[in-house]
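As a plain string of letters, each chain reads:
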Amino acid sequence: MRQLIRGMQPGAGKMARDLRADAFRGIALWFILIDHIPGNRLGGLTLRNVALSDATEAFVLLAGYAAGLAYGATLDRHGWAFAAAALLRRLGTLYVAHIFLFVVFTAQVGYSAAALESSAYLDEMHLDVFGEQPYLALLQALLLRFQPAFLDILPLYIVLMLMLVPVLPLLRWPWLLMGLSVAGYVVVRLFGLNLPNWVDGGWFFNPLAWQVLFFTGCLLGYTPWREGRRGPAPAVPFHPALIGAAILALLLGLVIVLIGDYGEQWLAELPQPLAELLTTIDKTGLHPFRLISVLALAYLVGHAVPRDANWLRSRLAAPFVLMGQHGLPVFCVGIFLAFLGRLALEMDDRWPMQVAVNLAGLAALISIGIIGAWYRLRERGEFAHSATNPAAVGLRAPAASSTTAR
């Protein structure tokens, strides 16, 4: 793994990517797979069980961070037109990936429902309407207005990246961009604004609200160039009071999670306004409590893990870094595997099957990361001697390579 790090080090003048973002995005993608498998006992150990935020919030924040890091640098070096073109190209890739995943997932669930004579799969995945109006459903899917269960994260990502195109220059005026973003978030929350969904009225992940988390990540990732050199990385300064506030926010979030899971009787004893507040912490509009939770977690992790931490280049971290660096194919494969994992656990949910499903799922995601790294290196003409042996590349460590939003 150490050889892969050395082989993928950026050349002169290139900016090293932040391996922290890659590693934690890889973990978030693994958590998304785990959480999408009903009956998975490992799901009791993911982020959603100890905080008001979960892997989705972490994924969106880190996606914004990577976008600010990559496209902000392109903006400074080549101008807005070139950076916008690069963003639009990436958007095309995301859109094609989403449509491909939609077709594969629909076929997977539809075939399973027919073979196992269980229409409940179609109902739970919100695919029953596809059987009733397939042509219209396909058209609405192409317009991103039909989003079955599990297929609502990529459309959110696509719209957030599209929103970044016109505001890229505002990365240079962070307070203005943040002010506009927060103002939009407040308006959306107050008036219940959302994008239209063909089936359920509005998007499950409302991009008009989630943009505040995405743009926060963009501003944290953007590092301006000054006199031909990259300036210091932006960061919320370390302060004991902020550390204390972040810890308190996470502890309060844990209490709310525990009350929601085990405290129905406690809720009945609370004052009505407080009980309503605790039971209406929605994910669709990114409730302020969820936003505070993920930002508090990011602040603590950002100061606890230095950017040059040695363990980020270790064999233990390498699989997650590789997964994070190839997030799109890893995510798509994870969605496909989640339904297979569900079918397996419905057949047998005892511990041997639980272990097999989770190990097989993680191994598959790591394999996608390894293959992606191998192909990227081969395209760059590196490790030519390993061209016939991708497994050998995977045994080397992940990259600190030039930044590309993945």
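Residues numbered from 1 in each chain as written. Predicted model: local features only at pLDDT ≥ 70, side-chain atom pairs only at ≥ 80, totals over all residues. Heavy atoms only, no water.

### Brief notes about the overall build of the protein chain
Okay, so step 1: When helices and strands are tallied, the protein chain shows 18 helices and four strands.
Okay, so step 2: Considering only contacts within the protein chain whose residues lie at least 6 apart along the sequence, 78% involve residues at least 24 apart.
Okay, so step 3: As displayed, the protein chain has an accessible area near 19,400 Å², and 67% of this comes from carbon and sulfur atoms. (Helix = DSSP H or I, 4+ residues; strand = E, 2+ residues; numbered from the N terminus. Contact = heavy atoms within 4.5 Å. Areas by Shrake-Rupley, 256 points an atom, 1.4 Å probe, with all protein chains shown as cover.)

### A look at the pattern of salt bridges
Okay, so step 1: Enumeration according to the criterion identifies ten salt bridges in this entry.
Okay, so step 2: In this structure, the salt-bridge partner of Arg-20 is Asp-18, at a minimum N-O distance of 2.9 Å. Of the two residues, Arg-20 and Asp-18, neither departs from the other in class, the shared state being buried.
Okay, so step 3: For the salt bridge of Glu-346 with Arg-342, the shortest nitrogen-to-oxygen distance reads 2.9 Å. With a gap of four residues between them, Glu-346 and Arg-342 both fall in helix α16 (residues 327-347), about one helical turn apart.
Okay, so step 4: A relative accessible area of 7% means that Arg-342 is categorised as buried.
Okay, so step 5: Shared partners join several salt bridges into a network, and the residues in it are Asp-54, Glu-57, Lys-283 and Arg-290. (Salt bridge = Lys/Arg side-chain N within 4 Å of Asp/Glu carboxyl O. Buried < 20%, exposed > 50% of the residue type's maximum accessible area, 1.4 Å probe, protein only.)

### A closer look at the environment of Pro-196
Okay, so step 1: Mapped onto the elements, Pro-196 comes out in strand β1 (residues 196-197).
Okay, so step 2: Among the residues examined, Pro-196 registers a relative accessible area of 44% and is labelled partly exposed.
Okay, so step 3: Here the alpha-carbon distance between Pro-196 and Asn-206, two residues ten residues apart in the chain, equals 9.6 Å.
Okay, so step 4: Each residue touching Pro-196, except ones within four places of it in the same chain, is listed here: Arg-145, Gly-201 and Trp-203.

### Structural notes on the packing of helix α3 (residues 55-78) against helix α8 (residues 153-167)
Okay, so step 1: Axis separation between α3 and α8 bottoms out at 11 Å; the angle between their running directions is 35°. Where α3 crosses over α8, the handedness of that crossing is right-handed. Facing α3, whose interface residues are Thr-56, Phe-59, Val-60, Ala-63, Ala-67 and Tyr-71, α8 presents Ile-153, Leu-156, Tyr-157, Leu-160, Met-161 and Leu-164.
Okay, so step 2: Its residues assigned to classes, the contact of α3 with α8 comprises eleven nonpolar, one polar and no charged. (Axes fitted to C-alpha atoms, helices over the stretch in contact; angles between N-to-C directions. Left-handed = near helix turned anticlockwise from the far one by under 90°. Nonpolar A, V, L, I, M, F, W, Y, C, P; charged D, E, K, R; others polar.)

### Looking at the environment of Gln-325
Okay, so step 1: Take Gln-325: it is sitting in helix α15 (residues 318-325).
Okay, so step 2: Sequence-wise, Gln-325 and Ala-66 are 259 residues apart; in three dimensions their C-alpha atoms are separated by 10.0 Å.
Okay, so step 3: A polar atom in the side chain of Gln-325 sits 3.2 Å from the side chain of Asp-22. (Polar contact = N/O pair within 3.5 Å; in protein donor to acceptor, adjacent residues only side chain to side chain.)

### Some thoughts on the packing of helix α9 (residues 174-191) against helix α10 (residues 207-221)
Okay, so step 1: At a minimum axis separation of 8 Å, α9 and α10 run at an interaxial angle of 160°. With respect to α10, the axis of α9 lies roughly antiparallel. Our pair here, α9 against α10, has a crossing hand that is left-handed. Contacts from Pro-174, Leu-177, Met-178, Ser-181, Val-182, Gly-184, Tyr-185 and Val-188 in α9 reach Leu-208, Ala-209, Gln-211, Val-212, Phe-215, Thr-216 and Leu-219 in α10.
Okay, so step 2: Tallied by class, the residues present in the contact of α9 with α10 amount to eleven nonpolar, four polar and no charged. (Parallel < 35°, antiparallel > 145°, perpendicular 65-115°, else oblique.)

### Some remarks on the packing of aromatic side chains
Okay, so step 1: The tally for this structure, following the rule as stated, stands at 15 aromatic pairs.
Okay, so step 2: Seen from their ring centres, Phe-59 and Tyr-157 are 5.9 Å apart, and the 80° between their planes marks the pair as edge-to-face. Here Phe-59 is found in helix α3, whereas its partner Tyr-157 is found in helix α8, with 98 residues between them in sequence. Judged on exposure class, the residue Phe-59 and its partner Tyr-157 are both buried.
Okay, so step 3: Ring centres 4.5 Å apart and planes at 65° place the aromatic pair Trp-374 and Tyr-375 in the edge-to-face group. (Phe/Tyr/Trp six-rings, centres within 6.5 Å; stacked < 30°, edge-to-face > 60°.)

### Remarks on helix α14 (residues 288-304)
Structurally, the α-helix is built with 3.6 residues per turn, so residues lying three or four positions apart point the same way.
Okay, so step 1: An ideal rise of 1.5 Å per residue puts 24 Å on 17 residues; α14 measures up with 24 Å between its terminal C-alpha atoms.
Okay, so step 2: Those residues of α14 that fall on the buried side of the exposure criterion are Arg-290, Leu-291, Ser-293, Val-294, Ala-296, Tyr-299 and Leu-300.
Okay, so step 3: Among the structural elements, α3, α9, α10 and α11 (240-262) are those in contact with the buried residues of α14. (Expected span 1.5 Å × (residues − 1).)

### Topic: the confidence of the model for the protein chain
Okay, so step 1: Scored by pLDDT, the protein chain comes out at a mean of 88, with 86% of its residues at no less than 70.
Okay, so step 2: Highest mean pLDDT in the protein chain belongs to α8 (98); lowest belongs to helix α1 (residues 2-7) (46).
Okay, so step 3: Confidence over residues 5-14 falls short of pLDDT 50; this stretch has 23 contacts with residues more than four positions distant or in other chains. (pLDDT = per-residue confidence, 0-100.)

### Some thoughts on unusual backbone geometry
A negative phi angle characterises most non-glycine residues, just as the trans form characterises most peptide bonds.
Okay, so step 1: Of note, the phi angle at Glu-117 is positive, near 50°, even though the residue is not glycine.
Okay, so step 2: Mapped onto the fold, Glu-117 is located in the loop between α4 (80-115) and α5 (120-124).
Okay, so step 3: When its relative accessible area of 74% is taken as the criterion, Glu-117 is described as exposed.
Okay, so step 4: A positive phi angle is found at Leu-286, which is not glycine, with a value near 50°.
Okay, so step 5: Position of Leu-286 relative to the elements: it lies in the loop between α13 (272-278) and α14.

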